[in-house]
Amino acid sequence: MLSKISKEALLGPLSRNNPVLVQILGICSCLAVTAKLEPAIVMGISVTAITAFSNLIISLIRNTIPNNIRIIVQLVVVAALVIIVDQVLKAYNYEMSKALSVFIGLIITNCILMGRLEAFALSNKPWPSFLDGIGNGIGYAIVLIVVAFFRELLGSGTLLGFQIIPQAFYDMGYSNNGLMILPPMALVTVGCIIWWHRSRNKDLQEQ
Amino acid sequence: MEDLNLFIKSIFIDNMIFAYFLGMCSFLAVSKNVSTSFGLGIAVTFMLVVTLPLNYLLDNYLLQPGALSWLGEEFATVDLSFLALIMFIAVIASMTQLVEMAVEKFSPSLYASLGIFLPLIAVNCAILGCALFMQQRDFGSAWTATVYGAGSGIGWTLAIVGLAAIREKLAYSNIPKPLRGIGITFILTGLMGIAFMSFLGIKL
C-alpha cells in the first residue's frame, strides 16, 4: 500500500528527521503550552491536522501557483485552516481554547508548516505530501508530549490532572519542583532530549 | 507615565523570547554572530513598530463586534473577529514586502546587510504574537500599541544579541559532543530565561 517515498515521508519525521529535534522547526509556539499534558496533546493534534491538510491542499494546486506569490498563497491556505481549528475548539472545548490563548493562532507562523510546504508539498504528489504532513505533525506532537509529561510530573505531581505522586511521598518530605512549571525549564528539557537523541544517533552530531 | 511603564515592562518582564518563546526559530538560527543578529533585531523592532498600530486600527474599526458602527446603524451588530488571524497575517506579509521594496530603493547599503532577513520576518511569530496579545489586552489607543511594539522589539533585540555574544565565546569551550550546536543553545536560552525571571514582580 505504501511506496518507498510515502513510507519515508511518514516514518522519517518520527525520529531520524524529527521536525523539532533535528530540523529545529516550530519551537516558537510549542514550548509555552507544555506546562501541562492536556494542552500539549490538543496542540499536537491541531498541528498534525493542519500540517496534513495544508500539505494536501498546496500539493493539489502546486502547478497553478505562480512562483513569486507562493508565500502569500501558502499563508492564506494555512490561515484558513487555523481559523477552522480555532473555531472548532472554541465551539467544543472552550476551556481549552482559553488555556491555549494566542498559541492556536500562532500555528500560522509555525515554521514546520512553511518549512514542509516549501520543502515537500511544492514538489511532490498529494498523497505523499499528506503523509509527510501527518508524519511531521506526529513527530512534533511526540516531542511536545514527552516534554509536557516530565514538566507536569515533576512540576505538579500530576498527569492529565490526576494525582500520580502518592501522598505518602509528600509526607516523607518530597515536594514538587516549582521550577519545572516556569517557561525556561521547557527549553532545558528540550535541550536534554536533543542531547539524548544525538547520543543515540551519532551521525547527527555537529562538529 | 502608563506608557513608559508598559515600555519597560515589555522589554524586561514580558520579554517576547524568555516569557513567551516567540520568534524562537530565527532566534536560534541567526544568533551565531553579534552583528547579523543585531541587524535582525533592528528589522524586527521596525516591523513591530509599523504593523502594530496598523493592526490596532484594523481591529478596532473593522473587526471587533460593533466596530463597524461608523458605517451606519445596520452595521453595528456585525462581528468579524474570526477574520482577525487572516487580516493580521496579510498586513504583516504585505508590510514586509513594502518595507523590503522601500529599503531597497532608498538605502541599498542597509538592504545589503539585512536583505536575507527581511522576507523571513513575515513568518516570525514574535510579530503575529504581538498583534494577538495586543488584541487580547485591549489597549486604549494606537499610541499605546506602538509603545508596546517598540518595547517588545527592543526586548527581542536584547535577547538575541545577548545569546549571540555568549555563543561567540562558546566556541572556545569543551562541550560534550551530542550537545554541541543546537543542544547547548537550548540550555543556554533556558538559563538566560531564568536570569530574566528575576525582573518578575517589578512595579514601576
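Residues numbered from 1 in each chain as written. Chains lettered and ligands numbered in written order. Predicted model: local features only at pLDDT ≥ 70, side-chain atom pairs only at ≥ 80, totals over all residues. Heavy atoms only, no water.

### Observations concerning the environment of L98(B)
Relative to the helices and strands, L98(B) resides in helix 5 (residues 84–106). On a C-alpha basis, the gap between L98(B) and P53(B) in space is 16 Å, while along the polypeptide they are 45 residues apart. (Helix = DSSP H or I, 4+ residues; strand = E, 2+ residues; numbered from the N terminus.)

### Things to note about helix 5 (residues 111–119) of chain A
Where helix 5 of chain A is concerned, the buried positions are C111(A), I112(A), L113(A), M114(A), R116(A) and L117(A). Tucked into the core, helix 5 of chain A has its buried residues touching helix 2 (37–60), helix 3 (70–92) and helix 6 (126–156) of chain A together with helix 3 (24–30) of chain B. (Buried < 20%, exposed > 50% of the residue type's maximum accessible area, 1.4 Å probe, protein only. Contact = heavy atoms within 4.5 Å.)

### With respect to the confidence of the model for chain A
Across chain A, the average pLDDT comes to 83, with 98% of residues at or above 70. Within chain A, no element has a lower average pLDDT than helix 1 (residues 4–11) of chain A, which sits at 76, and none a higher one than helix 2 of chain A, at 90. (pLDDT = per-residue confidence, 0-100.)

### Notes on unusual backbone geometry
Despite not being glycine, D138(B) shows a phi value in the positive range, around 55°. With respect to the element layout, D138(B) can be found in the loop between helix 8 (125–137) and helix 9 (142–170).

### Focus: the side chain of S10(B)
Residue and element names in this part refer to chain B. With respect to the helices, strands and loops of the structure, S10 is situated in helix 1 (residues 2–12). Looking at S10, the relative accessible area reads 2%, which means it is buried. A polar side-chain atom of S10 sits 3.0 Å from the main-chain carbonyl oxygen of F7. When near neighbours in sequence (up to four residues on either side) are disregarded, S10 contacts N15, Y148, G151 and S152. (Polar contact = N/O pair within 3.5 Å; in protein donor to acceptor, adjacent residues only side chain to side chain.)

### A look at the packing of helix 5 of chain B against helix 8 of chain B
Each packed pair of helices is defined by two parameters, the angle between the axes and the distance between the axes. Residue and element names in this part refer to chain B. Viewed as axis vectors pointing N to C, helix 5 and helix 8 meet at an angle of 135°, and their least axial separation amounts to 10 Å. For the element pair helix 5 / helix 8, the angle class is oblique. The crossing of helix 5 and helix 8 is right-handed. Of the residues in helix 8, those touching helix 5 at A84, L85, F88, I89 and I92 are I127, L128, A131, L132, M134 and Q135. Partitioned by chemical class, the residues of the contact of helix 5 with helix 8 number 10 nonpolar, one polar and no charged. (Axes fitted to C-alpha atoms, helices over the stretch in contact; angles between N-to-C directions. Parallel < 35°, antiparallel > 145°, perpendicular 65-115°, else oblique. Left-handed = near helix turned anticlockwise from the far one by under 90°. Nonpolar A, V, L, I, M, F, W, Y, C, P; charged D, E, K, R; others polar.)

### Quick word on helix 5 of chain B
The end-to-end C-alpha distance of helix 5 of chain B is 32 Å, a good match for the 33 Å that 23 residues give at a rise of 1.5 Å each. Of the residues making up helix 5 of chain B, those classed as buried are A84(B), L85(B), F88(B), I89(B), V91(B), I92(B), A93(B), M95(B), T96(B), V99(B), E100(B) and V103(B). (Expected span 1.5 Å × (residues − 1).)

### Regarding a nonpolar patch on the surface
Residues and elements named next belong to chain A. Nonpolar side chains collect at one region of the surface, where L11, L14, I138, I142, V146, F149, F150, L154, F169 and Y174 lie side by side and expose about 770 Å² of accessible area between them. No other element matches helix 6, which puts six residues into the nonpolar patch. Positionally, L11 belongs in helix 1. Using a relative accessible area of 46% as the deciding quantity, one classes L11 as partly exposed. (Patch = residues over 30% accessible without salt bridge, like charges linked within 9 Å, V, L, I, M, F, W, Y side chains within 5 Å. Areas by Shrake-Rupley, 256 points an atom, 1.4 Å probe, with all protein chains shown as cover. Salt bridge = Lys/Arg side-chain N within 4 Å of Asp/Glu carboxyl O.)

### Things to note about the nonpolar core
M43(A), L22(B), M24(B), F27(B), W156(B) and F186(B) are the most contacted members of the largest nonpolar core, which totals 109 residues. Residue contributions to this core peak at 10 residues, all from helix 5 of chain B. Excluding residues that lie within four positions of it along the chain, F27(B) makes contacts with I17(B), W156(B), A159(B), I160(B), L163(B) and T189(B). (Core = buried A, V, L, I, M, F, W, Y, C linked by side-chain atoms within 4.5 Å.)

### Digging into the packing of helix 1 of chain B against helix 9 of chain B
Residue and element names in this part refer to chain B. Across the interface, helix 1 lies against helix 9 with an axial gap of 7 Å and an inter-helix angle of 30°. Viewed along their axes, helix 1 and helix 9 adopt a mutual orientation that is roughly parallel. The crossing of helix 1 and helix 9 is right-handed. Contacts between helix 1 and helix 9 involve D3, L6, F7, S10, I11 and F12 from the first element and W143, T144, V147, Y148, A150, G151, S152, I154, G155 and L158 from the second. Looking at the contact of helix 1 with helix 9, its residues break down into 10 nonpolar, five polar and one charged.

### A word on the interface of chain B and chain A
Taken residue by residue, the interface counts 38 residues in chain B and 40 residues in chain A. Contact with chain A buries area across many residues of chain B, yet F21(B), P178(B) and F186(B) alone supply 20% of it, more than any other trio. Across the chain B-chain A interface, the total number found is zero residue pairs in polar contact (both at pLDDT 80 or more). Residue assignment for the side of chain B that touches chain A shows that the elements contributing at least two residues are helix 2 (16–20), helix 3, helix 5, helix 8 and helix 10 (182–196) of chain B. In terms of residue count, the dominant contributor to the side of chain B that touches chain A is helix 10 of chain B (eight residues). Residues belonging to the side of chain B that touches chain A are distributed by class as follows: 27 nonpolar, nine polar and two charged. (Buried area = accessible area lost by both parts, 1.4 Å probe.)

### Focus: the pattern of salt bridges
Going through the model one piece at a time under the given rule, you end up with three salt bridges over all chains. The salt bridge partner of R116(A) is D132(A), with a shortest N-O separation of 3.0 Å. Taken together, the residues span a long stretch of sequence, with R116(A) in helix 5 and D132(A) in helix 6 at a distance of 16 residues. Here R116(A) and D132(A) have matching classes, each one buried. The partner of D14(B) in a salt bridge is R137(B), with the nearest N and O atoms 3.4 Å apart. Remark: R137(B) occurs in helix 8 and D14(B) occurs in the loop between helix 1 and helix 2; sequence separation between them is 123 residues. Judged by its relative accessible area of 13%, D14(B) is buried.

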